[in-house]
Amino acid sequence: MFVGGKSNIRHIHCSTLIVLLLAVAMPAQPATGRRSTPTTEKLFALRAAIEDLMTTFGDRYPSGREYLTKLANIERRMNKADEHDSDKINAEFANLQREALIANPFVSNQPILFVVRRQYKEDHHNTATMFKTGEINTRSFRGGGAMKSIDFAKAGEVKTLIESSQGLIRDPEIHFDGTKVIFSMRKSTTDDYHIYETNADGTGLKQLTSAPGVADFDPLYLPDGGIVFSSTREPKYCMCNRHIMGNLFRMDADGANIHQIGKSTLHEGHSAVMHDGRIIYDRWEYVDRNFGDAQGLWTVNPDGTNHAVYWGNNTWSPGAVIDARAIPGTQKVLCVFSSCHDRPWGALAILDRRLGVDGREPVVRTWPADAIKLVKKNSPRPDTYGFDSFKQVNPKYEDPYPLNDKYFLCSRMTGRGEQMGIYLIDVFGNEIILHVEEPGCYDPMPLSPRPHPPIIPSRRNFKNDYGCFYVVNVYEGTHMKGVKAGAVKYLRVVESPEKRFWTHPAWGGQGVHCPAINWHSFENKRILGTVPVAEDGSAYFEVPSDKFVFFQLLDENKMMVQSMRSGTIVQSGERTGCIGCHESRRSAPPQLNTKMPIALQHPPSKLQGWHGKPRLFSYIRDVQPVFDKHCVTCHDYGKDAGEKLNLAGDRTNTFNTSYNELWRKKYIKAIGAGPADIQQPFSWGSHVSKLVKVIREGHEDVKLTKTEFESIVTWIDLNGPYYPRYDSAYPDNLSGRSPLNNKQLNRLGTLTGVPFAKLANHSTNRGPQLSFDRPQLSPCLQMFKDTSDPKYVEALAIIQAGSQMLQKRPRADMDGFRACPLDQRRQQIYTARRQIELRNRRAIREGRKLYEDPSK
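Residues numbered from 1 in each chain as written. Predicted model: local features only at pLDDT ≥ 70, side-chain atom pairs only at ≥ 80, totals over all residues. Heavy atoms only, no water.

Q: Tell me what's going on with the overall build of the protein, and back it up with residues and numbers.
A: Assigned secondary structure in the protein consists of 14 helices and 34 strands. Rg of the C-alpha trace for the protein: 30 Å, near the compact-globule value of 29 Å for 856 residues, within the 12% margin. Each of the three principal axes of the protein carries a C-alpha extent, and together these read 95 × 75 × 60 Å. Counting the 856 residues in the protein, one finds 61% classified as buried. Within the structure as shown, the protein displays about 33500 Å² of accessible surface, and the carbon and sulfur contribution to it stands at 51%. Averaging the locations of the 112 positively and 95 negatively charged side chains of the protein gives two centres separated by 2 Å. (Helix = DSSP H or I, 4+ residues; strand = E, 2+ residues; numbered from the N terminus. Rg over C-alpha atoms; globule rule 2.2 N^0.38 Å. Buried < 20%, exposed > 50% of the residue type's maximum accessible area, 1.4 Å probe, protein only. Areas by Shrake-Rupley, 256 points an atom, 1.4 Å probe, with all protein chains shown as cover. Lys, Arg positive; Asp, Glu negative; His and termini not counted. Charge placed at Lys NZ, Arg CZ, Asp CG, Glu CD.)

If you want it as structure tokens, here you go:
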């Protein structure tokens, strides 16, 4: 059960907290030898803070001179102290440090709100804290918690505002006027997180969201009176595993007209309002890059327009940059440097974006101080990953809240296992625990009014139509080396769709693909079309809203010059753009001393589709027919050329023969799930692929049509995808794609000696072993010299059974595919949520109020 609005008050006396501070925060003394006294650094840090507080607050910090006198006395005694006096001096210093720092009006003149709960149970990723009902990690939810306040002006009086014995309260945010608190609460394991609001004293509890089977969390008050939050309302899963993700949504103050403002393919969370009214949030998304170091800071307007990189999108370590808040009076933010496979904690860091959008230079300082050594823009060695390097940080920090440019609240490990307490830290080097209670304390923030940022007008029309992108000059950019003016003729717009399904069996790409989707990278692709690039490098074009898209520059042969390797969206009615391709994110558009860019002198170009209407790219449909027509007469099973490179279309356990061969034998140079750093043009793709070189130089009088050539180079430039879709017909079988069940495969492995399960990985795969189109040609059968051998007969029968199963139940690379019942239900849920989203947008467009709760 949960309780709201009760006045549950208890007092924490200073003496008790000091004892706790000494027990927790101070290092253990050695059994023998001289005891230590406060270091010179600690004395300097406290003196600097006291002097700063005197300067900043004047009469509001009345005891500053007294504190300095006491500190000077301690320093004099410390210099003369022997081991018998050190304990007493340590205690006096700790008392003085605590008294002087808590006297900071930011701490003593206003209650501090906080949450009591356990640390989230360890799971796949730092975003995996929802433990939503009906998902893979639901059982990891641990209830029991409260939202409380502590008032140091009243001797540390603690008041319980909301508590729940079976549920959990999280993610509080205080209204700009200080009178209300919004938060997320889950009442039990069978419930999901919903958004609630209460008065600052815990009275007047109101539930604002209530959708069944949906998790709403990380709510935030907006300057225009609305509320933004993260939610699973567009159900999607991380591409590298099986966990549900969330996007940014917003609603009116009373819970009406909920609608989506973020559309990235994975996760958007920990939003906060910046001084200029924009939202800063952390986004985990990857396009043609590895999963682990792809979680940086982004900004967006409150209406969902102008999503833009802030910091860390192309930084090798840390693997996650989360929970950022703007530091008052500065252009800096305070955030957490975390790891991919960890809880949402790590080191604290101050970022100054004026110094860069990646790498160490913009990192002003970290807590702990030596954590800054872990920040690296690029991998020190090829094929190494730093996305979990911040797991080694100790102690770990969480939930930072800047009080001003020098003093910050946060949660921090107390030294007792995973227990977290409320800490006050400052730029001078002081770090004290303010409060701790079982099982741990999180989300500290002042329960008081704060400045109201400006309102940014909406640029969105809610017609679910098109928006427009422009590029001033594609040749402007940090990674356009060697591209001559006039070389780029087209700009291609590609959609990276969300993953709506998952299987337990996996293919080992870069990370696990559940089910298999490609050889190495995680995404399926849909080409929306191409647009012309003008001779001055400009482009201006329409893009449908609600699509997570990326751009590629193409030459006159439709071959890729450069690719974006991240995604963006445009809202209906929005007009947005960039200076160039991979331009400096901190630079302003060049002054146009002559005339408007050519493309912007005309109406926006409409997307010209690729071989018809936009559709999901399929290797079997879009590429294999070229090989069937021109290549397989020689490059087939049983042929000499096939021994070197087999381009047959026979389906295998996971992919097909030619796809396996081209990737495994490196005939294509696709980047796969590549490194975090931006690549130079022509460094990967069709221009540098062996297969294309052979075709262009001429091979055995093979002449491809323009369309056929485009099919092959486009496939390579899209990073060599295979499956058009994530849903599966065989969710329980190998890699989520094989028509043979585990019993059949195990038996087949026993008969042939092939370890099929171990080969479901790009790094250990040793080539096609099965042919479900021509079972007798399966390579795993070639060990048998006698086709009358009973083992051969049995093995062939198993493969033939797989072939028959595919005819009966086609998989996702075949015509007639039908998803398994579970994936069909998932799609029905997705479709129903989409209809609700469109209904809500229609209400906004028509000026109506539409509530989730039918009683309103």
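After presenting the structure, the write-up continues.
Q: Quick one: what's the story with the packing of aromatic side chains, residue by residue and with numbers?
A: Counted according to the given criterion, the structure contains 32 aromatic pairs. The structure contains a cluster of three or more aromatic residues connected by ring pairs, namely Trp 507, Trp 519, Tyr 619, Phe 655, Tyr 659, Trp 715, Tyr 722 and Tyr 723. Between Arg 117 and the ring centre of Tyr 442, over which it is positioned, the NZ or CZ distance is 3.6 Å. The ring of Tyr 193 has Arg 170 sitting right over it, with the charged end atom 5.0 Å from the ring centre. (Phe/Tyr/Trp six-rings, centres within 6.5 Å; stacked < 30°, edge-to-face > 60°. Lys NZ or Arg CZ within 6 Å of the ring centre and 35° of its normal.)

Q: I'd like a rundown of empty space enclosed by the protein, residues and numbers included.
A: Evaluation of the coordinates by the stated rule reveals nine cavities of 30 Å³ or more. The space that makes up the largest cavity amounts to roughly 350 Å³. Lining the largest cavity we find 29 residues, and of these Asp 171, Asp 218, His 270, Asp 323 and Asp 443 sit closest to its centre. Only strand S5 (168–174), strand S9 (216–221), strand S13 (267–273), strand S17 (320–326), strand S21 (397–402) and strand S25 (441–446) provide two or more residues apiece to the lining of the largest cavity. Here the lining of the largest cavity takes five residues from S13, the largest share from any one element. When the residues that make up the lining of the largest cavity are grouped by side-chain class, the tally is 11 nonpolar, seven polar and 11 charged. Space inside the second largest cavity adds up to approximately 150 Å³. Tallied by class, the residues present in the lining of the second largest cavity amount to eight nonpolar, seven polar and no charged. (1 Å grid on protein atoms, 1.4 Å probe; cavity = no way out; pocket = protein on both sides within 12 Å on 5 of 7 lines; lining within 4 Å. Points joined across faces, edges and corners; volume = space filled by probe spheres on them. Nonpolar A, V, L, I, M, F, W, Y, C, P; charged D, E, K, R; others polar.)

Q: An account of the state of the cysteines is needed here, citing residue identities and associated values.
A: Inspection of the entire model under this criterion finds zero disulfides. The cysteine Cys 335 is free of any disulfide, with Cys 410 supplying the nearest cysteine sulfur at 13 Å. (Disulfide = S-S within 2.5 Å.)

Q: Can you break down the sheet that holds strand S31 (residues 539–544) residue by residue, with the values?
A: Pairing is mixed in the open sheet, where three strands are placed in the order S31-S26-S34. The outermost strands of the open sheet, each flanked by one partner alone, are S31 and strand S34 (575–578). Direction aside, neighbouring strands of the sheet carry axes that sit 25° apart on average. Pairing geometry for strand S26 (residues 466–471) and S31, over six bridges, is antiparallel. Its bridge partner lying in S31, Tyr 470 is registered against Tyr 540. (Pairing = 2+ DSSP bridges. Axes fitted to C-alpha atoms, helices over the stretch in contact; angles between N-to-C directions.)

Q: Outline the packing of helix H2 (residues 40–57) against helix H3 (residues 64–80), supporting the account with residue identities and numerical values.
A: For the pair H2 and H3, interaxial distance at closest approach is 10 Å and the crossing angle is 165°. For the element pair H2 / H3, the angle class is roughly antiparallel. For H2 against H3, the interelement crossing comes out left-handed. Within the contact between the two elements, H2 uses Leu 43, Leu 46, Arg 47, Ile 50, Glu 51 and Met 54 and H3 uses Gly 64, Arg 65, Tyr 67, Leu 68, Leu 71, Glu 75 and Met 78. (Parallel < 35°, antiparallel > 145°, perpendicular 65-115°, else oblique. Left-handed = near helix turned anticlockwise from the far one by under 90°. Contact = heavy atoms within 4.5 Å.)

Q: Break down the layout of surface pockets for me, with residues and values.
A: Space inside the second largest pocket adds up to approximately 720 Å³. Residue lining of the second largest pocket: 28 residues in total, with Asp 383, His 520, Ala 670, Ile 671 and Gly 674 positioned closest to the centre. Among the residues forming the lining of the second largest pocket, the class breakdown is 11 nonpolar, 10 polar and seven charged.

Q: Any details on the nonpolar core? Residues and values, ideally.
A: Grouped together as the largest cluster of nonpolar side chains are 80 residues, with contacts concentrated most on Trp 284, Tyr 286, Phe 627, Leu 662, Trp 715 and Leu 748. Of all the elements in the fold, those that place two or more residues in this core are helix H6 (619–622), helix H7 (624–630), helix H9 (657–664), helix H10 (690–697), helix H11 (706–717), helix H12 (742–752) and helix H13 (790–808). Counting residues per element, this core draws most heavily on H13, at six residues. Core analysis: the next-biggest nonpolar cluster, separate from the first, contains 47 residues, Leu 43, Ile 50, Ile 74 and Phe 183 among them. (Core = buried A, V, L, I, M, F, W, Y, C linked by side-chain atoms within 4.5 Å.)

Q: Could you give an account of the sheet that holds strand S8 (residues 206–207), naming the residues involved and the relevant values?
A: In spatial order, the strands read S5-S6-S7-S8; together these four strands make up an open sheet with antiparallel pairing. Each edge of the open sheet is held by one strand with a lone partner, namely S5 and S8. Sheet analysis places strand S7 (residues 194–199) next to S8, joined by two bridges and oriented antiparallel. Bridging across to S8, Glu 197 finds its partner in Lys 206.

Q: Before we move on, can you summarise the environment of Gln 807 with the specific residues and values?
A: Looking at the secondary structure, you find Gln 807 in helix H13. On the accessibility criterion, Gln 807 (61% relative accessible area) is exposed. Between the alpha carbons of Gln 807 and Ala 155 there is a distance of 76 Å; along the sequence they are 652 residues apart.

Q: Tell me what's going on with helix H4 (residues 86–102), and back it up with residues and numbers.
A: Taking 1.5 Å as the rise per residue, H4 with 17 residues should run 24 Å; its terminal C-alpha atoms sit 24 Å apart, in good agreement. Burial in H4 covers these residues: Ser 86, Ile 89, Asn 90, Phe 93, Ala 94, Leu 96, Gln 97, Arg 98, Ala 100, Leu 101 and Ile 102. (Expected span 1.5 Å × (residues − 1).)

Q: Any details on the side chain of Asn 653? Residues and values, ideally.
A: Along the polypeptide, Asn 653 turns up in the loop between helix H8 (640–644) and H9. On the basis of relative accessibility, which here comes to 8%, the residue Asn 653 falls in the buried class. A polar atom in the side chain of Asn 653 sits 2.7 Å from the side chain of Ser 738. Leaving out residues up to four positions away in the same chain, Asn 653 has contacts with Leu 734, Ser 735, Arg 737, Ser 738, Leu 745, Phe 756, Leu 770, Phe 772 and Arg 811. (Polar contact = N/O pair within 3.5 Å; in protein donor to acceptor, adjacent residues only side chain to side chain.)

Q: How would you sum up the pairing of strand S10 (residues 227–231)? Please name residues and give values.
A: Among the five residues of S10, five are classified as buried, and the element is accordingly described as predominantly covered. Residues of S10 alternate between two faces, with Ile 227, Phe 229 and Ser 231 on one and Val 228 and Ser 230 on the opposite face, all of them buried. Where S10 and strand S11 (residues 247–251) come together, five bridges link them in antiparallel fashion. Among the inter-strand pairings, Ile 227 is bridged to a residue of S11, identified as Met 251.

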